[in-house]
Structures are given as structure tokens and as C-alpha cells.
Amino acid sequence: MIALQRILFIVIFLLCFSNAIAQEFSVSGTVVDTQKNPIEFANVIINNDNGEFVKGTSTDDKGYFQIRNLPSNTYDLIISFIGFDKFKQKIVLTGNLDLRNIELIESAETLQQVDIIAKKPTVVRKPDRLIFNIENTALIEGSTLGVLKSTPGVIVSDGGINIKNAPATVYINNRRVQLTPNELIQLLESSPANSIKSVEVITNPPASYEADSGSVVNIVMSRNLVTGYRGSIFTNYTQGVFPRYNAGTSHYFKNNKINLNLNYSYSQNKINRDQDDKVNFLDANNEIDEIWRSKINRNTWSQNHNLNLNFDFFIDENSTISLTSTALYTPYFKYKIANNTNIFDSGENFLSRFTADNLSRDDKFNIGTDLIFSHQFSDKAGIVLNGHYTTYSYQRDQNVLSNFFDANNTFINDSEFNTLANQDTNILTGSIDFNLATDESSSLDLGLKYSNVKTDSDITRVDIINNQEVINSDNSDAFTYDEKVIAGYANYSKSWNAWEINLGLRVEQSNIDGESRTLAQKNTQNYINWFPNVSISHSVSDNFSIYSNYKRSIGRPDFRSLNPFTFFINENTVVVGNPDLSPAYFDSFKLGINFLDHFTIEAYYTNYDGDIIELPRQNNTTNIVAYTPTNLEKKVDYGLDLVFDYSISNRWSLYALTSFYKMTEESDFGEGFVKQEQWSNYSILQNNLTLLEDNSLNIDVNLEWSNKNLLNFQTVENRLISSINISKAIFNKRGVISLGVEDIFNYQDFETSIAYLNQSSSRFQNLDNRFVRLGFRYKFGNTKLSTNERTTDAEERERLKDLN
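1. Section: the overall build of the chain
- A tally of helices and strands in the chain yields five helices and 47 strands.
- Computed over C-alpha atoms, the radius of gyration of the chain comes to 28 Å, within 12% of the 28 Å expected from 2.2 N^0.38 for 804 residues, which places it in the range of a compact globule.
- C-alpha extents for the chain along the principal axes are approximately 95 × 65 × 45 Å.
- Burial analysis of the chain (804 residues in total) assigns 53% to the buried set.
- A separation of at least 24 residues holds for 66% of the contacts in the chain among residues at least 6 apart in sequence.
- As displayed, the chain has an accessible area near 35,100 Å², and 55% of this comes from carbon and sulfur atoms.
- The centroid of the 71 positive side-chain charges in the chain is displaced by 5 Å from the centroid of its 96 negative side-chain charges.

2. Considering unusual backbone geometry
- We note that Asn695 has phi near 55°; this positive angle belongs to a residue other than glycine.
- If you trace the backbone, Asn695 turns up in the loop between strand 39 (673-691) and strand 40 (697-706).
- Given the relative accessible area of 32%, Asn695 is considered partly exposed.
- Located in the positive-phi region is Lys733, a residue other than glycine, with phi close to 70°.
- Looking at the element boundaries, Lys733 is found in the loop between strand 43 (719-730) and strand 44 (735-742).

3. Notes on the sheet that holds strand 9 (residues 129-133)
- As summarised here, the arrangement of the six strands in space is 8-9-15-16-13-14, forming an open sheet in which the pairing is mixed. Since the sheet does not close on itself, it has two edges, and those belong to strand 8 (123-126) and strand 14 (175-176), each with one partner.
- As paired elements, strand 15 (residues 196-202) and strand 16 (residues 216-221) share six bridges and run antiparallel to each other. Opposite Val199, over in strand 16, you have Ile219 as the bridge partner.

4. Some thoughts on the side chain of Ser198
- Checked against the element boundaries, Ser198 lands in strand 15.
- In contact with Ser198, other than residues within four places in its own chain, are Ile131, Phe132, Asn133, Ile134, Asn218, Ile219 and Val220.

5. Some remarks on the side chain of Asn304
- Note on placement: Asn304 falls in strand 20 (residues 288-314).
- What makes Asn304 buried here is its relative accessible area of 1%.
- For Asn304, the side chain forms a polar contact with the side chain of Ser302, separated by 3.5 Å.
- Side-chain polar atoms of Asn304 contact the side chain of Thr330, separated by 2.9 Å.

6. Regarding the packing of aromatic side chains
- This structure, assessed with the given rule, holds 22 aromatic pairs.
- Ring centres of Phe354 and Phe404 lie 5.8 Å apart, and the angle between their planes is 40°; on these two criteria the pair is classed as tilted. Taken together, the residues span a long stretch of sequence, with Phe354 in strand 22 (residues 350-376) and Phe404 in strand 23 (residues 381-405) at a distance of 50 residues.
- The class for Phe404 is partly exposed, based on a relative accessible area of 21%.
- Through a chain of ring-to-ring contacts, the aromatic side chains of Tyr550, Phe589, Tyr605, Tyr638 and Trp679 assemble into a single cluster.
- Taking the ring centre of Phe568 as reference, the NZ or CZ of Arg461 above it sits at 4.8 Å.
- Here the basic side chain of Lys635 rests over the ring of Tyr608, its NZ or CZ set 4.8 Å away from the ring centre.

7. Regarding the nonpolar core
- Counting 38 residues, the largest nonpolar core has Leu148, Ile161, Val217 and Ile219 as its most contacted members.
- Looking at this core, the element that brings in the most residues is helix 3 (residues 181-190), giving four residues.

8. Notes on the pairing of strand 5 (residues 73-80)
- Counting buried residues along strand 5, six of its eight residues qualify, which places the element largely inside the surrounding structure.
- Where strand 2 (residues 43-47) lies against strand 5, five bridges are found, and the strand directions are antiparallel. Looking at the pairing, Val44 lines up with Ile79 of strand 5.
- Bridge analysis of strand 5 against strand 6 (residues 87-93) gives seven bridges, and the strand direction is antiparallel. Its bridge partner being in strand 6, Leu77 is matched across the sheet by Gln89.

9. Notes on a nonpolar patch on the surface
- On the surface, Ile233, Phe731, Ile737, Phe776 and Tyr778 cluster together to form a nonpolar patch covering roughly 450 Å² of accessible area.
- Note that Phe731 resides in the loop between strand 43 and strand 44.
- Its relative accessible area of 55% is what places Phe731 among the exposed residues.

10. Description of helix 3
- Taking burial as the measure, the 10 residues of helix 3 include seven buried ones, the bulk of the element.
- Buried within helix 3 are the following residues: Glu183, Leu184, Ile185, Gln186, Leu187, Leu188 and Ser190.

11. Here's the deal with the sheet that holds strand 3 (residues 53-58)
- Strand order in this open sheet of four strands is 3-2-5-6, and the pairing throughout is antiparallel. Two strands lie at the open edges of the sheet, namely strand 3 and strand 6, each paired on one side alone. Here the average twist between neighbouring strands, direction ignored, is 20°.

12. Some thoughts on the pairing of strand 35 (residues 612-619)
- In the sheet, strand 35 pairs with strand 36 (residues 624-631) via eight bridges, with the strands oriented antiparallel. Note that in strand 36 the partner of Ile613 across the bridge is Thr630.
- Hairpin remark: strand 35 followed by strand 36, antiparallel, with four residues in the connecting loop; positive phi at Asn623, about 60°.

13. A closer look at the environment of Leu148
- Following the sequence through the fold, Leu148 ends up in helix 2 (residues 144-150).
- With 13 residues separating them in the primary sequence, Leu148 and Ile161 have C-alpha atoms 8.6 Å apart.
- Excluding residues within four positions of it along the chain, Leu148 makes contact with Val154, Val156, Ile161, Leu188, Val199, Val217 and Ile219.

14. Notes on the environment of Thr369
- In this structure, Thr369 sits in strand 22.
- Sequence separation between Thr369 and Asp558 is 189 residues; the distance between their C-alpha atoms is 22 Å.
- With sequence-adjacent residues up to four places away left out, Thr369 is seen in contact with Leu323, Thr324, Ser325, Gly387, His388 and Tyr389.
- A polar contact is formed between the side chain of Thr369 and the side chain of Ser325, at a distance of 3.1 Å.

15. Section: the pattern of salt bridges
- Under the counting rule described, the total for this entry stands at 25 salt bridges.
- Here Lys484 makes a salt bridge to Asp482, at a shortest N to O gap of 2.9 Å.
- Given the relative accessible area of 30%, Lys484 is considered partly exposed.
- Residue class for Asp482 comes out buried when judged on its relative accessible area of 18%.

16. A few points about the confidence of the model for the chain
- For the chain, per-residue confidence averages 85 on the pLDDT scale, and residues scoring 70 or more make up 91% of the total.
- In the predicted structure, residues 109-121 sits below a pLDDT of 50 and forms 39 contacts with residues beyond four places in sequence or in another chain.
- Within the model, pLDDT remains below 50 along residues 783-804, and this stretch shows 65 contacts once partners closer than five positions in the same chain are excluded.

17. Notes on the environment of Ala603
- The topology assignment puts Ala603 in strand 34 (residues 599-609).
- Through-space distance from the C-alpha of Ala603 to that of Leu148 is 24 Å; in sequence the pair is 455 residues apart.

Quick notes on the rules
Residues numbered from 1 in each chain as written. Predicted model: local features only at pLDDT ≥ 70, side-chain atom pairs only at ≥ 80, totals over all residues. Heavy atoms only, no water. Helix = DSSP H or I, 4+ residues; strand = E, 2+ residues; numbered from the N terminus. Rg over C-alpha atoms; globule rule 2.2 N^0.38 Å. Buried < 20%, exposed > 50% of the residue type's maximum accessible area, 1.4 Å probe, protein only. Contact = heavy atoms within 4.5 Å. Areas by Shrake-Rupley, 256 points an atom, 1.4 Å probe, with all protein chains shown as cover. Lys, Arg positive; Asp, Glu negative; His and termini not counted. Charge placed at Lys NZ, Arg CZ, Asp CG, Glu CD. Pairing = 2+ DSSP bridges. Polar contact = N/O pair within 3.5 Å; in protein donor to acceptor, adjacent residues only side chain to side chain. Phe/Tyr/Trp six-rings, centres within 6.5 Å; stacked < 30°, edge-to-face > 60°. Lys NZ or Arg CZ within 6 Å of the ring centre and 35° of its normal. Core = buried A, V, L, I, M, F, W, Y, C linked by side-chain atoms within 4.5 Å. Patch = residues over 30% accessible without salt bridge, like charges linked within 9 Å, V, L, I, M, F, W, Y side chains within 5 Å. Salt bridge = Lys/Arg side-chain N within 4 Å of Asp/Glu carboxyl O. Axes fitted to C-alpha atoms, helices over the stretch in contact; angles between N-to-C directions. pLDDT = per-residue confidence, 0-100.

Encoded structure:
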């Protein structure tokens, strides 16, 4: 360790020395419109006195830009963006110059005469995140879930959304989506992607994010920057095992006082899932006693209504009040499981079998609303007040019928029961965020937040005995959950010469009360924690930079995990909560270099202390498999990422990543200590092409390879994710037809296996993710205006084509 510290000290010293002898300066600023809204992807160019191009860049999502390594001289600064007058200013550079806010004036020219002739890069890498821009790609003609499946580093599985091996928290426009993993998948599958501007994969979220947001997927929606109206209608047809339908409409309007975005969609789906399970029940010597082989077919029918509203009212040039709301209503949801299990002895001799048919019907809705007030005191200071409320209601009526047969396949008896489950959840949060530019090159963000989650849930089981309904009080329960979190944070960032540093600290006080009324069990947890994060980067030259970051985060057990009640899927498969769960803590480190504009090498290390995972645990005495959340004693994930990002031409961009990583998991299950580890590889290859003279044909090809890996004490076998999306503009670019194909090579399904101590099982899942999708979208209004889209004239495009 001492030797490593010395090496790091020498490296930092040499970097500082090389920086000290260079006499070069930087120009920075923030580009905004007349309502002080930041303008992303504005072109920023530096010319010398002779009009010759020197350097250039584009503004980020906050409208900020910085051009470094400029010798002392006189320059022309030129800033341009579609729909706005070009900004030009002469600057005399004798030191680092911060121009603060630069306001662009909306152009008076006719919108219908504006042509989009350039496309922004598909992937942008930053020290703390990856930004996947999709506005100009064929991906926007599919679903939001389809976009996430194609986003580098994001893995969508039946259990939720992960960034590599870590569960991801999903945000929309920096506001958290309060849904369960399954409901989140359902929402994203039914939501069209045509309103998405980009997806941010944030591996080191700043202190303004909740401490339990270890890794974040932030879906950034488009918004209008130019006065006018535009809208669209769309429909999609998807053919998997069964057909699926999706249709909807989007509308955008902006004038000097309001900005409105309204999206609605309706989907009707039937999704199939086939599953082959094998459980080896063991004797006292861990030898095979019985083998249970199950063939399970699951079908899900659903009808979903999806509504998303974003409304801004500009009180004056410094103050804005905003209302955002997302609603998911599922009036029809049917879930059917058909299970046939054959039981054999250790010599593969047939002993008996049983069938277990499960039919559930759900009725649920989720509405989340934010009211936001923002005020800019000056160019240097601003404040944002945010209030959020989510109401969620869920009801499930389940019937389970099991039939049992002997070795001669003769019917013996049956078992039948009904369950009625209800859940009502209310989430209330309030926050205040203050930002201050302390000087020309640094800023300070401060914030406070309060959140309260209250849930009331109950379940009643009724057994059917001799055609009579009998309440099973031993398997009925009511559970209440009350979670309060008070948080405060500070975030300081500074840039000087070729250095950038970001320091953050968040503190959270958590108070959790859970009570099972029937079982008379209470769970109370009170704790306060500190969560630091730090990020530092240095540009050694135009072609070489180095960065590093660290973050600490938390994983809290939710009410479902803490509820001690046993929920029966059938007589031999149950879900059981764990009231003894403790919060988990994660420490993540990262060190990376960017060089030659197109290459990135990144090493990372993450330590999980008490990670909460749901494990299937087989009881070899009762032959019951129970899915139970558990705290692991230790989990470590480290590896090396190699990235290549290159625009071969202004029509063809390429992104490639390969990651070699090792996962180690350790825990004591009472029967003994277990340690498992596995080296794995995760690789991505993406191509985006624009064809034809009028740029009306767009093709996206995505390949993702996941090698044999370890996840939650389960070995996951090789998996290849493949997709192609094609879109063609028609009707003078008012219409778009699209074609998408998922799982081209039929290698996306995978097998998992468990083998430790007295646990032995395997599973193969076919998730109905091989399909063909056809779509059509028609645009009206200002159809030639694509929001937030980068544009440039031919001369500027030629100058910028080698940047980034």
C-alpha cells in the first residue's frame, strides 16, 4: 500500500509540474435562451484574427462549455444553435476567462425553412457517466425499454434493470420513478421512445442524488427550445410468440410564457415465458434423494394506459413554475402459470407428479406528480423548490389449483386456495436546492430533502375444502410500513487550467417502522450515515486525460423484503420476507484514461458490505423452495473496461466496449460458509448508419455478449443480445416507417444454476424476447424542427468533424 501511495504521489507531482510550465488558458461559459434555460449541443467555435479555425466544442446538458489550452491572443468566439441568431464576440485572452451566461436570441426566420443537416454523436463519455443520444436514431421508433436494451452498459433482465452487475435506479428527467422492478419493466415496455432525447448511465451520481442510488439510469426527455407547435401520432405492431399492439400521440407547444409536452400511449400485450426447472433435493449426506423436473409456462395479458405531462410557466425571465406527472393505469392484467412437475428418485425412476395452475388478476394504477419552482437570483445564484407525491394502488386476486398423481399416473387428490392481496402506497417528498457560482471557475450546490413512504398491505387466504371456502388465518396477514428519510448535501466543483474536481457529501437520517399485525412482529430501524463522493480529472494534452472518482452509497431493505409473511405461489414455491435485514453499503472506486480522442481504459473496484439479494433456498425436508431476501456478508466486483468510440464519417459511428471483471460473493448460511468467484467478459459492439442523400434512412445494429458470470450465488451461462432497428422517413419527412428485430441469432435466453452446500438446482428461461416490430409515426406542426438537435452549416461541420 505504501509503495502504491508513493507511485500515485509521483504521478500527481509530474502532472502538476507539466501543467505549471504551460502558459495556456481556457474560455468557459453557459449558453442559455431568453428564459434562462440551458441550451445543449450549441456549437462553440474559436477563430483567430484571420478567421481561421482554432478550436471548437459543444455545450453539455447544462449549457456549459469550456475550451482549454489556448495561448494568450485575441480571438473571435462564435456560438450557434438551430432557431437562434448566431452569437459572435471578440475576446482578448490573457488568463482563464469565464463568460458566465451567454444568452441566444430566438431567430425570426420561418421555422419551415430550417433544415437539419448534421447529427450529434451517439455516445458521449464523461468521468461520471455515459450519455447515449438517440434523437436521430431508429431506436426512437420503438419502446423505452428497447432503448435501454440498446444502451451501452445497461442489462435488462426478467428481474429488473442493471448496470453490469449492480441494480440501477431509474430516473426520468432527474426525478426518480417510484415503481417495483416488474412494474417498471411494464411501464417502460408500454412507453414510446419518440420523446426521448438521451439516456444517461451514471455510475458516480453526485451528492444531489439519493444515497441509495448507487448507479442511475436517467432518461432525458425532449423539450422545446423554439416557439411553435409540433405533434405526432404513432402505432406499433410487435410479433413475438403472440402479437402486441401499441399506439399513442405526443404534443409539444411553446411560446413566451409556457412550454408544454404531453404524451399518451395505449398498449395491449400477451407475453409468453417458458421455463424448465430442475431441483435436486438432497439427503443428510448431500447426496441426491429426489429429482424434481418442472415445465412451466407463464402467460401475461395486459392493457396499459400511459400518460406523461411536462408543463412550464415562465413567470418572468428569472422564475419558472413547472408541473410534471407520470401516470400508469392497468385496468386489465391477467397472469397464468401452468406447472407440470415430475418427481424421480436418484436413479431417474419415476415416482409421482403434480400440476399447479395459478391464475391471477390484477387491478393497479400509479400516479406520480412533481411541482417545481425555480428562480435565478443572478447569473451566479439560483434556487429550486420541488414537491413530489406518488399514489399507488394494487389489488391481486389469485387462484391456485394443484392436482397430485402417483407412480402409475393415477389421480390421488387435489389442493385449491384463493388469495386476495391489497396494497396502498403513498410517497411524499419535498426538497430545496441552491446553486451558487462562487467565482469564474467554481460552483457550490446545497440541498435539503425530506421523504416519507407509507404502505398498507394485506393478504387473505381462503382454502377450498370439500367445495367450501375456509379462511386460513395462519396464512393471512396485514403489514404496515413507514419510512422517513431526512437528507442534506453539499457539492463543490472547480476547474482551473486543465484540472476539474468535484467534491460531494450527503448525510441521511433514516427512520423505518414495519409491523406485521397477524404475526405480531415489529421492525424498527434508525440510523444516520454519511456518503462522500469525489471526482477529479486532468487534461494532460488535447489527446490525453486522466480521471478518478469514488462514491459511497446505501441499499435499504424495502417493505416487501421486511414483511415476514409467506406468500404461496403454489404449495411448493413460496416468497418469504426477512424482518432481520440490515441496510447494505457500497464503496465504488474508478480510475480511467482517455487518449487519442477515441480510446478509454477504465479500472474499477466495488465493495458491497451486506448486499441484499433474493435467493431461492430449497428445504430438503419439506421439498419447498422459498425465495428469501438475504444480506450477503461480502461481495466484491472489480475489472477493466476498454472502450473505442469513433465516427468513421458523418454518416457512420461505431462504439465498442469489452470489460473483463471478477465477481466474488461470500456468506454464511448457517449450514456453512460459502465463497464463490468467477472471471467474466461483457462486450458491446454498436453501429449507427445514416444512408441516402437526404439522410432519410437510419440503421442501428447492436450486439452484446455476456460471458458465463456469477450473480447472486447463481452461475449465469453465456448470452448474446442482438438487435437491428431501421427507420425510413417518408412523406417529405412528415412520416417515419420503422422495422425492429430483437434476438436475431436466437441466443438471448440463458441458463442459470445453483451448486453450494445443500443447494442444487438449474433453470432455463425462454423470455419471449425474440420478436419483429413494425411501426409508423406521422408528424405535424413544425415538422422540420427536431428539439435539442445539433445543427451547423457546411463550413462549421467541416471544422468540427474531428472533434470529440
